[in-house]
Amino acid sequence: MLAGAKAFSGFAVDDIDAARQFYGETLGLEVKVLDEQHGLITIKTAAGEEIFVYAKSDHAPANFTLLNFEVDDIDPAVAGLTERGVAFERYDGFDHDEKGIARGPGPQIAWFKDPAGNTLSVLQQPG
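Novice: Honestly, the nonpolar core in this entry has me stumped. Any pointers?
Specialist: Core analysis: the largest hydrophobic core is formed by 25 residues, its most contacted members being Y23, L27, V53, F88, F112 and V122. Residue assignment for this core shows that the elements contributing at least two residues are β1 (10-13), α1 (16-26), β3 (40-44), β4 (50-55), α2 (74-83), β7 (108-113) and β8 (119-124).

Novice: Explanation requested: the sheet that holds β7 in the structure shown.
Specialist: Across the sheet, which stays open at both edges, the four strands sit in the order β5-β8-β7-β6 with mixed pairing between neighbours. Each edge of the open sheet is held by one strand with a lone partner, namely β5 (65-70) and β6 (88-89). As paired elements, β6 and β7 share two bridges and run antiparallel to each other. Looking across to β7, one finds that F88 is bridged to F112. Lying on the sheet, α2 is in contact with β6, β7 and β8; it crosses β8 at an angle near 145 degrees.

Novice: Sorry, what's going on with the pairing of strand β2 (residues 30-35) here?
Specialist: In summary, the side chains of a regular strand alternate between the two faces of the sheet. Pairing geometry for β2 and β3, over five bridges, is antiparallel. Paired with E30 across the strands is K44, a residue of β3. Hairpin connection of β2 to β3: four residues between the antiparallel strands, including G39 at a positive phi of 70 degrees.

Novice: Would you explain the sheet that holds β1 in this entry?
Specialist: For sheets, the rule is that strands pair by backbone hydrogen bonds, running either parallel or antiparallel. Strand order in the open sheet formed by four strands is β1-β4-β3-β2, with mixed pairing between adjacent strands. Since the sheet does not close on itself, it has two edges, and those belong to β1 and β2, each with one partner. Adjacent strand axes in the sheet meet at a mean angle of 30 degrees, parallel and antiparallel pairs treated alike. Pairing between β3 and β4: five bridges, direction antiparallel. Paired with I41 across the two strands is V53, which belongs to β4. Against the sheet, α1 engages β1, β2, β3 and β4, with an angle of about 10 degrees to β3.

Conventions and cut-offs
- Sequence positions are assigned chain by chain, starting from 1 and proceeding in written order.
- Local features in this predicted model are restricted to residues whose pLDDT is 70 or higher, and side-chain atom pairs enter the listing and the counts only when it is 80 or higher, whereas totals over whole chains, interfaces and linings include all residues.
- The basis for the side-chain values is all heavy atoms of the structure; hydrogens and waters are excluded.
- Residues belong to a common nonpolar core when they are buried Ala, Val, Leu, Ile, Met, Phe, Trp, Tyr or Cys residues joined through side-chain atoms within 4.5 Å.
- When accessible area is computed with a 1.4 Å probe and restricted to protein chains, residues below 20% of their type maximum are described as buried, those above 50% as exposed, and intermediate ones as partly exposed.
- Numbered from the N terminus, helices here are DSSP runs of H or I no shorter than four residues, and strands are runs of E no shorter than two.
- Two strands are counted as paired when DSSP detects at least two bridges linking them.
- Two residues form a contact once any of their heavy atoms are found within 4.5 Å.
- As a rule, the C-alpha atoms of each element are fitted with a line to give its axis, helices using only the stretch in contact, and angles between N-to-C directions run from 0 to 180 degrees.

Okay, structure coming up:
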């Protein structure tokens, strides 16, 4: 029934201006303001998809990763984000190196949070 429908993702933040700065300036993504009055922006991925980000005054961060950024080489990606002030999370059950990258089986991955506390990751597929 919906196989031909365009789908898109969206998530909430508590401060749309902080989100606009973080996703646009810190992460270097294309950010477009759709509705300033109601707090709605989109961020564009490398594949050209748009993700809706909206203000929600009673926002509570999810307890899972909302958005993963796949890169060809995780080390320079983590180094660049660190230089821009991004702090990486460390979770029990994962073997993180000094940079915060978990290098176990599966993808190499490093988690971080946006200003609203939403968990994001940068990851490199094996191979």
